[in-house]
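Chain by chain, the residues:
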Amino acid sequence: MAASQTPAAVTAIISVLNFDSDVIDLPERFLYALSTVPYPDKTIIRKIVELVKQGTKSEKLFETLLLTLGSLTKTHYLQNKLNDEVKLVLSLLETKLSDCKADVCKLWYIRALRNTAAPSSLSTLTNHISFGGKVASEALRAIKALPTEAVTDDVKAVLLQVYLERKIKHDSSARILAAEILLDNFASVSLLETLLLSMTNSSVEVNTYVIQKIKENALTDNAFRTIVRNALSMLHVGNYNVLAQGGSSTAFTHLLAGDDYLNATYGLHMEMIGDGILKRSDFDIGMAFSDGSLNLFTVGLFAGGLGSFAGDNNANDDEEMTAGIEISVLGVGLRPYTLFTGQGELMGHVWSGTGSEPTPIFQGNFLLHDHRQTVYLQNGLVLQLSVLGCLSFDMTGSIQTSLWNRNAHTVINNKAAVVIQSMARIESTFVNSHIGVNAGTEAALNFVTDLEFAESPFKMCTQMQQPSLTIRRVVSKVENIPGSKHKLRRTKRLLETVPGKSFALHKKNSDLCSVMLRPH
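Residues numbered from 1 in each chain as written. Predicted model: local features only at pLDDT ≥ 70, side-chain atom pairs only at ≥ 80, totals over all residues. Heavy atoms only, no water.

Trainee: What's the story with the overall build of the protein in this structure? I'm lost.
Mentor: When helices and strands are counted, the protein shows 16 helices and 15 strands. Viewed in the frame of its principal axes, the protein has a C-alpha envelope of about 85 × 55 × 55 Å. The buried share of the protein, reckoned over its 520 residues, is 46%. In the protein, the share of contacts with a sequence separation of at least 24, taken over all contacts with a separation of at least 6, comes to 61%. Averaging the positions of the 48 positive and the 50 negative side-chain charges in the protein gives two centres separated by 7 Å. (Helix = DSSP H or I, 4+ residues; strand = E, 2+ residues; numbered from the N terminus. Buried < 20%, exposed > 50% of the residue type's maximum accessible area, 1.4 Å probe, protein only. Contact = heavy atoms within 4.5 Å. Lys, Arg positive; Asp, Glu negative; His and termini not counted. Charge placed at Lys NZ, Arg CZ, Asp CG, Glu CD.)

Here it is, written out as structure tokens:
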């Protein structure tokens, strides 16, 4: 119903679903599917605005409503620019944000603004950086999601203040986000000099991440590589004292597959703290074209306050224990999934073993393609092109923790099924002809992480595994001439098997895996 993208269908499904209940599975699945449609009508946006104004009984469903409204507004804005509907939504979100008193309320609306990716929200987001903490980090993520040309020079000074902590002390994640935005939008020799020289009196893990980010950008951008060479040619910058950071954080992007038209890439950005404790990681798969790029999905893990649980005496006990997962599909950020909050809830999971069996984390169906095009050929014939694609996604996770052996084993399984139907059709008074291609596959990508925290520094090994998969294609050609017996039908079936494999991550991970997985 959501993929139909018609006001009548959306109105009908909204009238059937109960948005004022504690049972949110069906309404949330509907909103997930609606958030990625390529042609949202203004009537649909107004319907979601009405639901937001009415409110919901469940805070989780209300946040999903806001995120869906943001993503629909972004898509509508790209097609219709700043019309009345877009202005209405942006005004609503920014007004509600200014009325928020609690941080959790501010996070809802900032995430919604991140999904809109509206340049006009830059000033509002920049102002919320001064709040510090999680609010500042989320505001920086929203700024990072804006188009490159929207991030103006006025923001540069604010970002430098965050990274260098000139006014207030910021969370390490906020400092890393500020550095990423600076490197992506304002790269220069003087900027690199400032960032690198600040590493002599800064966090080792933040320093390590920033250096890895510089290396990542230099591998994919020739202009950035020249800037790095010029900066490192200065002796007070390009030396061992600055560059030899001993942290475990990493940032890289590698090629997954490619041809003459596009490249598929996978990237891992991981921030560590203390003696090898994960604070945040983002794994993403994207596609790069000659004129742009597309983020297919991102899986982010976040954790806090786990140092004392793992036996780190230097941990910050003021931070509440928490962990969760953040997912984005086709560039649309979804509601964070919290695994636990607080030591009591964590210990309850450990003693009861509630996470030892595969547990559903996220499930949804998404419209990948919905494209129609008419091409007028030189010979006078009219060619009709159509492409329709669907993605079904299922994520499950499990964790086994032993307090006696001080180790943990986690498995996150990501399964996806993709079906794409395309057709080229010529219809005229004397001949009907069409060629259709149906393609589909079921793929999986699994993350297996082993953690040993019996002694310091902690050891962590992450494996990324892709089981073998089969791509099925059916090519059919149909041709007939009206008024005659001429009929032609040809069908060709193709099967392509892609063998399973494990993907290389960063070198330190490989070294730890070779030690931890070595047979005893």
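Here the narrative resumes, following the displayed structure.
Trainee: Honestly, the packing of helix H5 (residues 84-99) against helix H6 (residues 103-116) in this entry has me stumped. Any pointers?
Mentor: When two helices pack together, their arrangement is captured by the angle between the axes and the distance separating the axes. Packing of H5 against H6 brings their axes to within 9 Å, and their N-to-C directions diverge by 155°. Viewed along their axes, H5 and H6 adopt a mutual orientation that is roughly antiparallel. At the point where H5 passes H6, the crossing takes the left-handed sense. Contacts between H5 and H6 involve Leu90, Leu93, Glu94, Lys96 and Leu97 on the former and, on the latter, Lys106, Tyr109, Ile110, Ala112, Leu113 and Thr116. The residue makeup of the contact of H5 with H6, split by class, is seven nonpolar, one polar and three charged. (Axes fitted to C-alpha atoms, helices over the stretch in contact; angles between N-to-C directions. Parallel < 35°, antiparallel > 145°, perpendicular 65-115°, else oblique. Left-handed = near helix turned anticlockwise from the far one by under 90°. Nonpolar A, V, L, I, M, F, W, Y, C, P; charged D, E, K, R; others polar.)

Trainee: Please explain unusual backbone geometry as it appears in this structure.
Mentor: A negative phi angle is the norm for most residues apart from glycine, just as the trans form is the norm for most peptide bonds. Although it is not a glycine, Glu165 sits at a positive phi angle of roughly 55°. One non-glycine residue, Arg406, lies in positive phi territory at about 50°. Along the chain, Arg406 turns up in the loop between strand E9 (382-402) and strand E10 (407-427). Using a relative accessible area of 33% as the deciding quantity, one classes Arg406 as partly exposed.

Trainee: Looking at this structure, I do not really get the pattern of salt bridges. What am I missing?
Mentor: Oppositely charged side chains can form a pair if their charged atoms are brought close together. Going through the model one piece at a time under the given rule, you end up with 17 salt bridges. Salt-bridge contacts for Glu63 lead to Arg111; the nearest nitrogen and oxygen are separated by 2.8 Å. Of this pair, Glu63 sits in helix H4 (residues 59-80) while Arg111 sits in helix H6; the two residues are 48 residues apart in sequence, bridging distant segments of the chain. Like Arg111, Glu63 is buried. The closest approach of N and O atoms between Glu326 and Arg280, which form a salt bridge, is 2.8 Å. Taken together, the positions of Glu326 in strand E5 (residues 322-329) and Arg280 in strand E3 (residues 277-289) put the pair 46 residues apart, joining distant regions of the chain. (Salt bridge = Lys/Arg side-chain N within 4 Å of Asp/Glu carboxyl O.)

Trainee: Sorry if this is basic, but what is going on with the confidence of the model for the protein here?
Mentor: Close inspection of predicted coordinates is inappropriate for parts of the model with low pLDDT. Summarising the model, the protein shows a mean pLDDT of 87, and 96% of its residues fall at 70 or more. By mean pLDDT, the top-scoring element of the protein is H6 (95), and the lowest-scoring one is helix H15 (residues 343-352) (76). Confidence drops under pLDDT 50 across residues 312-317; counting only partners more than four residues distant or on other chains, this segment forms eight contacts. (pLDDT = per-residue confidence, 0-100.)

Trainee: Help me understand the environment of Asp259 in this model?
Mentor: For Asp259, the location among the structural elements is in the loop between strand E1 (250-258) and strand E2 (263-273). Separated by 70 residues in the primary sequence, Asp259 and Val329 place their C-alpha atoms 23 Å from one another.

Trainee: How should the state of the cysteines be read in this particular structure?
Mentor: Linking two cysteines covalently through their sulfur atoms gives a disulfide. Following the criterion strictly, the structure yields two disulfides and no others. The disulfide partner of Cys100 is Cys105, and the gap between their sulfur atoms is 2.0 Å. Its S-S torsion of approximately -45° makes the covalent link between Cys100 and Cys105 left-handed. Residue class for Cys100 comes out buried when judged on its relative accessible area of 7%. Using a relative accessible area of 18% as the deciding quantity, one classes Cys105 as buried. Through a disulfide, Cys461 is tied to Cys513; the S-S separation comes to 2.0 Å. The S-S bond linking Cys461 to Cys513 shows a torsion near 100°; that makes this disulfide right-handed. Residue Cys461 is found in strand E12 (residues 459-466), and its partner Cys513 is found in helix H16 (residues 507-516); the two are separated by 52 residues along the sequence. (Disulfide = S-S within 2.5 Å.)

Trainee: It is not clear to me how the pairing of E1 should be interpreted in this structure. Could you clarify?
Mentor: Every regular strand shows the same layout, with side chains that alternate between the two sheet faces. For E1 and E2, the ladder comprises eight bridges, and the chain directions are antiparallel. Bridged to Ala257 within E2 is Ala264. In sequence, E1 turns back onto E2 through a hairpin of four residues. (Pairing = 2+ DSSP bridges.)

Trainee: Which parts of the structure should I look at to understand the packing of aromatic side chains?
Mentor: Centre distance and the angle of the planes are the two values used to describe a pair of aromatic rings. Applying the stated rule across the entire model yields eight aromatic pairs. Above the plane of the ring of Tyr163 lies Arg175, whose end atom (NZ or CZ) is 4.9 Å from the centre. (Phe/Tyr/Trp six-rings, centres within 6.5 Å; stacked < 30°, edge-to-face > 60°. Lys NZ or Arg CZ within 6 Å of the ring centre and 35° of its normal.)

Trainee: Sorry if this is basic, but what is going on with H4 here?
Mentor: Residues spaced three or four apart along an α-helix face the same direction, because each turn holds 3.6 residues. The end-to-end C-alpha distance of H4, which contains 22 residues, comes to 31 Å, matching closely the 32 Å that a straight helix rising 1.5 Å per residue would cover. Capping of H4 at its N-terminal end is provided by Ser58; its side-chain oxygen lies 3.3 Å from the backbone amide nitrogen of Lys60. Lys81 sits one or two residues past H4 and shows a positive phi near 60°. (Expected span 1.5 Å × (residues − 1). Polar contact = N/O pair within 3.5 Å; in protein donor to acceptor, adjacent residues only side chain to side chain.)

Trainee: Where do I start with the nonpolar core in this structure?
Mentor: Here is a general trend for soluble globular proteins: nonpolar side chains tend to be buried in one another's company. Counting 82 residues, the largest nonpolar core has Phe30, Leu34, Ile48, Leu69 and Tyr109 as the members making the most contacts within it. Per-element accounting of this core gives the leading share, eight residues, to helix H10 (residues 172-185). Once residues lying within four places of it in the same chain are set aside, the contact partners of Leu69 are Ile45, Ile48, Val49, Val52, Val89, Leu92 and Leu93. In terms of nonpolar packing, the next biggest core, distinct from the first, is built from 30 residues, Phe362, Leu391, Met395 and Ile412 among them. (Core = buried A, V, L, I, M, F, W, Y, C linked by side-chain atoms within 4.5 Å.)

Trainee: What is the right way to read the pairing of strand E4 (residues 292-304) from this model?
Mentor: Inspection of the sheet shows E3 paired to E4 by ten bridges, in the antiparallel sense. Along E4, the bridge assignment pairs Phe289 with Gly292. Where E3 hands over to E4, the hairpin turn is made up of two residues, counted between the paired strands.

Trainee: Mind showing me how you'd approach the environment of Arg229 here?
Mentor: Note that Arg229 resides in helix H13 (residues 222-232). Spatially, the C-alpha atom of Arg229 lies 9.4 Å from that of Ala218, the residues being eleven residues apart in sequence.

Trainee: I'm lost on the side chain of Thr250 in this one. Help?
Mentor: The topology assignment puts Thr250 in strand E1. Owing to a relative accessible area of 2%, Thr250 belongs among the buried residues under this scheme. Non-local contacts of Thr250, meaning those with residues more than four positions away in its chain, are made with Tyr209, Gln212, Leu268, His269, Met270 and His506.

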